[in-house]
Amino acid sequence: MELSKNFQHQQAENQWYNHWEKKGYFKSTPDEREPYTIVMPPPNVTGILHMGHALNNTVQDILIRRAKMMGYNTCWVPGTDHASIATEAKVVGMLRERGIDKKTLSRDEFLGYAWEWKEKYGGIILEQLRKLGCALDWDRTAFTLDEDYYASVIRVFVDLYNKGLIFRGVKMINWDPKAKTALSDEEVNHKQMNSKLTYVKYRIDSDKEEYITIATVRPETILGDTAVCVHPEDERYAHLKGKYCIIPIANRRVPIIFDDYIDKEFGTGALKVTPAHDINDYNLGIKHNLEVIDTIAEDGTMSDAAGPYAGMDRFAVRKKIVEDLKELGLVVKEEDYTNQVGFSERTDVVIEPRLSMQWWCKMGDLAKPAIDAVADGDIDFHPAKFKNLYRHWMENIKDWCVSRQLWWGQRIPAWYDAEGTIYVAKTAAEAHEQYKAKKPALAAEKPEMRQEEDVLDTWFSSWLWPMEVFDWNKTPDNKDLAYYYPTNTLVTAPEIIFFWVARMIMAGYEFKGQLPFKEVYFTGIVRDKQGRKMSKSLGNSPDLLKMIDDYGADVVRFSVMICSPAGNDVLFDEAGLDQGRNFCNKMWNAMKLVKGWEARVADGVEDSQVSFALDWMDARLAEVSGEVAELMKDFKLSEGLKTVYSLIWNDFCSWYLEWVKPAMDAPVSAHVYERTISVFEQLLQLLHPFMPFVTEEIYHILRTRAEGDDLINKQLPAYSAPTAETLKQGTMLQEVISAVRDTRNKSQLKPKEEIELWIDTQHRAFYERTIDILRKQVNAMQVGFTTEGKHGSLSIVVNTDKLYMIMPNATAVDSGAQKEEMQKEIEYLKGFLLSVEKKLNNEKFMANAKPEVVASERKKHQDALNKIKALEESLG
RNA sequence: GGAAGCAUAGCUCAGCUGGUUCAGAGCAUCUGCCUUACAAGCAGAGGGUCCGCGGUUCGAACCCGUGUGCUUCCA
């Protein structure tokens, strides 16, 4: 077979993904094995693959593929989230482009368009996950707005309502004037803004001309003011007790109230109170029984209550009213001021606090078992630091606003009769039954029942995800649910710990009576090299699909994972792409080298020379496999990848292959060839979860494989404990080789120039075992043993062995620098020796230190002495 | 305003129960090599007051206190 110069990802990746899928390797059905289950955090159905998805899904794929190799029956469930606000906004936008105004459509017509949009674009992100290599069980693909899922959400709502945990009420909510819907607190992002603090004086209603000055960053809300509030102990305003003042422009007479909520230091110490448009003012209003005047309409324009400004945009009014107040001479001054302003997570417009009738879910009781589950370790968080954050939030949990003024989503199953009585039921028919039972006198008439227009918050459906993907609602006793639930690992971003993770835990206990997953792994947030969060607006988010096209999915996965320290944010650096690409080529070329031996394999070739290399490589493989297993268990995936990378590049390619590499055109022993292929396979296997395509490809080129012999399915072997002696000798051999090469370099020897090497050592057996490797690796024509120095040589000391290097072709040997260096080393060692001796002579140390520490200090002492001796002898 | 986390090489980070596996890895840098798998490579090297200060200890990158700087979450 003709092998290309480098690894070609395009064809290989497509081919292998199709092969795996066709073979049904991604599919899972319950069997006698232990399951390992992950439910994918469903991306928004509107989504396209970005770095966050790439990280999150690569992590999951690594866990799934590794678990599969460890013998688990793995099941990874894909799906999408209907994402009510985001999707509805997209559909509205699409309609606008087609010249259709949402307002002219009925609910059903709109939903028709929405489903059409979903069918057309909704699967894009799932297709993109295939490109990434994700081993997802596609037959299980779920969607949070599917018919069965819908029914489940409705059931849960009715259930909570009947338990008294859902209620309807007017509260101050976060209003998104663009999407025209309520948002939960979690959907609001606070940003620091440069605002203007405007000082406005309100006239006191008295005979004298006197004023009270307030400061505000939102002057447009002045029209909704229904009081001015000052601190009861503020002497400046003590004389105003029982007085009233006049709201300018509105010319409304409002009371001056006293409350110790006021911060005397802020502004003028006098606060304008607008119960309709600020949560704190609202609370004050309740306390002091104030009137509520709503001056801002649902679209962010001023309402009729705003008098002359009715219909104008809130921000336009903010400017205009200040101008008008200035004309009236009521503006005292304006100051620059930075404050926190809430923005809608979905539409990025400024949130308007607004009073509104919404549906709420009481969370306190639901939270209790969920708090305990994490505190008691029934659910593990990685990294553990998120446990605190979780507990803190859960213990201060507030009622959840679950209604949204949208159409795309589960419509709240509540019906109102003509008198406004509420009936919550799964269906209209059931609501009708309730009506008949409740109002028997009217039962004969056909009641006019009107269903609630609002839909439920998207998270009110996705909190059921781990149960509902296994069809909990419709067939609660089904085999899959019993087998796969609770799932094993949830992999998600810390940003949605409250939105989603906490609520899934609550839902799991409340409805299924069981935790939804056993552990949660929080990935970092993907940032750019400068540490900025990747975002569309900054334009610092690389085009993932282009990257996959250019470099291949393996390389993209590599580059994301290599810079994903456990528990920290990911500073994505495109340099990782080159590193990953180079790594693929390294393996590809190693494969070409080994493949090239195939035709030269012969029986009876003497291979004793390389038996050490084989033993050492086996030992390293066993050792590092153990390290990787530990790292993976602790979710140190990045470390795990680095470890495998280094094992392949350094141990296997740089050392092992060079050690066993036959001379040009020399035959290769069948034994060496076989074991080299075998080691290569095991290395590929360790790497496969991280880089599935290139490993599968090379695996298949290394040998002709039987049908079904694919790397993805290969079970990890149990390694016997590596021989410590072999490992130690390997390290020693490397040290000797490096030391000689260093000396060669410093003597400016050309790589082709041969040397003679004479060794004065106590470890003769070790050198005899490795002497052929050593000769080859330092390009020596001869390596021999001696018990005395060699004239005309450079001496090298490695550990306590003395090596003498002779360069036959070098005209003059300048050993001055060499000697100086050795002298320096002696100095250093003597200092070191002193510090060790000080310890050993310290009675307190000898009394308090652990015996093994004392022993190790003694050994250090002896080693240092030996080394100094060797160096001194070497110097002559 | 409340809370948490972080600070180690130019960059990104490891560093367990305090003790030479303790100052380490990768990338970047420098030097020499087109050596018969790979120049997208090979070989070798240099580089750090472990943020400052104080304490505990025979012994501190690690524990405690404090200061400074940064990040995140909540209000």
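**Student:** Help me out: how do you make sense of the sheet that holds strand β31 (residues 801–806) in this one?
**Tutor:** What holds strands together in a sheet is hydrogen bonding between their backbones, with the strands either parallel or antiparallel. Taking strand neighbours across the sheet as the criterion, the four strands line up as β29-β28-β31-β30 in an open arrangement whose pairing is mixed. At either end of the open sheet lies a strand with only one pairing partner, and these are β29 (780–785) and β30 (794–798). Recorded for the sheet is a direction-independent mean angle of 20° between the axes of neighbouring strands. Two strands pair when backbone bridges link them, and β30 and β31 are joined in this way by five bridges, in the antiparallel orientation. When the bridges of β31 are listed, Val 797 appears paired with Lys 802. Sheet strands in contact with helix α24 (residues 764–777) are β28 (755–760), β29 and β31, and its direction is about 175° off that of β29.

**Student:** Teacher, can you tell me more about the sheet that holds strand β15 (residues 380–382) here?
**Tutor:** Taken together, three strands build an open sheet; the order of strands is β15-β23-β22 and the sheet is parallel. Each having just a single partner strand, β15 and β22 (487–492) make up the two edges of the open sheet. Neighbour to neighbour, the strand axes of the sheet diverge by 15° on average, direction disregarded. Two strands pair when backbone bridges link them, and β15 and strand β23 (residues 517–522) are joined in this way by three bridges, in the parallel orientation. Paired with Asp 380 across the two strands is Glu 519, which belongs to β23.

**Student:** I tried to follow the packing of helix α9 (residues 364–375) against helix α15 (residues 497–512) on my own but got confused; where do I start?
**Tutor:** Axis angle and axis distance: for two packed helices, these are the angle between their axes and the distance between the axes, and together they describe the pair. Taken N-terminus to C-terminus, the directions of α9 and α15 make an angle of 110°; their axes are 8 Å apart at the nearest point. Between α9 and α15, the crossing angle belongs to the class labelled roughly perpendicular. As α9 runs across α15, the sense of the crossing is right-handed. Contacts from Leu 366, Ala 367, Pro 369, Ala 370, Ala 373 and Val 374 of α9 reach α15 at Ile 505, Met 506, Tyr 509 and Glu 510. Of the residues belonging to the contact of α9 with α15, the class tally is nine nonpolar, no polar and one charged.

**Student:** Please clarify how the confidence of the model for chain A should be interpreted in this entry.
**Tutor:** Residues shown with low pLDDT carry predicted positions that ought not to be read at fine detail. When pLDDT is averaged along chain A, the result is 88, and 97% of the positions lie at 70 or above. We note a pTM of 0.89 for the whole complex and an ipTM of 0.93 for its interfaces.

**Student:** How should the pairing of strand β5 (residues 166–176) be read in this particular structure?
**Tutor:** Consecutive side chains of a regular strand alternate in pointing toward one face of the sheet and then the other. With 10 bridges joining them, β5 and strand β14 (residues 352–361) adopt antiparallel strand pairing. Bridge pairing links Gly 169 to Gln 358 in β14. In the sheet, β5 pairs with strand β6 (residues 181–183) via three bridges, with the strands oriented antiparallel. Of the residues in β6, the one forming a bridge with Trp 175 is Ala 182.

**Student:** Sorry if this is basic, but what is going on with the environment of Asn 44 here?
**Tutor:** Examined against the element boundaries, Asn 44 turns out to sit in the loop between β1 (35–39) and α2 (51–69). The spatial distance from the C-alpha of Asn 44 to the C-alpha of Ile 125 is 8.6 Å, given a sequence separation of 81 residues. Every residue in contact with Asn 44, bar those within four places of it in the chain, is listed here: Asp 81, Ala 83, Ala 86, Ile 125 and Arg 346.

**Student:** What is the right way to read the protein's contact with RNA strand B from this model?
**Tutor:** RNA strand B sits among 42 residues. The nearest are Asn 585, Lys 586, Trp 649, Met 664 and Phe 832. When the atoms of RNA strand B within 4 Å of the protein are grouped by moiety, sugar and phosphate amount to 56% of the total. Here Lys 636 contributes a side-chain N or O atom positioned 3.4 Å from a phosphate oxygen of RNA strand B. A distance of 3.5 Å is found between a sugar or linking oxygen of RNA strand B and a side-chain nitrogen or oxygen belonging to Glu 639.

**Student:** How should I be thinking about the environment of Val 797 in this particular structure?
**Tutor:** Here Val 797 shows up in strand β30. In this structure the C-alpha to C-alpha distance between Val 797 and Pro 516, which are 281 residues apart in sequence, comes to 61 Å. Not counting residues within four places of it along the chain, the set of residues in contact with Val 797 comprises Lys 802, Met 822, Lys 867, Ala 870, Leu 871 and Ser 874.

**Student:** Help me understand the packing of helix α17 (residues 553–562) against helix α18 (residues 575–597), please; the structure alone is not making it clear to me.
**Tutor:** The N-to-C vectors of α17 and α18 enclose an angle of 125°; their axes lie 8 Å apart at closest approach. Taken together, α17 and α18 sit at an angle that is classed as oblique. Judged by the twist between their axes, the crossing of α17 over α18 is right-handed. Taking contact as the criterion, the partners of Val 555, Val 556, Phe 558 and Ser 559 in α17 are, on α18, Gly 576, Leu 577, Gln 579, Gly 580, Arg 581, Phe 583 and Cys 584. Each residue belonging to the contact of α17 with α18 can be placed in one class, and the counts come to six nonpolar, four polar and one charged.

**Student:** Help me out: how do you make sense of the pattern of salt bridges in this one?
**Tutor:** Oppositely charged side chains are able to pair whenever their charged atoms sit close together. Tallied over the entire structure, the rule returns 58 salt bridges. Between Glu 452 and Arg 168 there is a salt bridge; the shortest N-O distance is 4.0 Å. Here Glu 452, found in the loop between β20 (450–451) and β21 (455–456), pairs with Arg 168, found in strand β5; they are 284 residues apart in sequence, far enough to count as distant. For Glu 452, a relative accessible area of 7% puts it in the buried group. Here Arg 168 falls in the partly exposed class, since its relative accessible area comes to 35%. Where salt bridges share partners, they join Glu 674, Glu 681, Arg 703, Arg 705 and Asp 709 into one cluster.

Thresholds applied
Residues numbered from 1 in each chain as written. Chains lettered and ligands numbered in written order. Predicted model: local features only at pLDDT ≥ 70, side-chain atom pairs only at ≥ 80, totals over all residues. Heavy atoms only, no water. Pairing = 2+ DSSP bridges. Helix = DSSP H or I, 4+ residues; strand = E, 2+ residues; numbered from the N terminus. Axes fitted to C-alpha atoms, helices over the stretch in contact; angles between N-to-C directions. Contact = heavy atoms within 4.5 Å. Parallel < 35°, antiparallel > 145°, perpendicular 65-115°, else oblique. Left-handed = near helix turned anticlockwise from the far one by under 90°. Nonpolar A, V, L, I, M, F, W, Y, C, P; charged D, E, K, R; others polar. pLDDT = per-residue confidence, 0-100. Near = heavy atom within 4 Å. Polar contact = N/O pair within 3.5 Å; in protein donor to acceptor, adjacent residues only side chain to side chain. Salt bridge = Lys/Arg side-chain N within 4 Å of Asp/Glu carboxyl O. Buried < 20%, exposed > 50% of the residue type's maximum accessible area, 1.4 Å probe, protein only.

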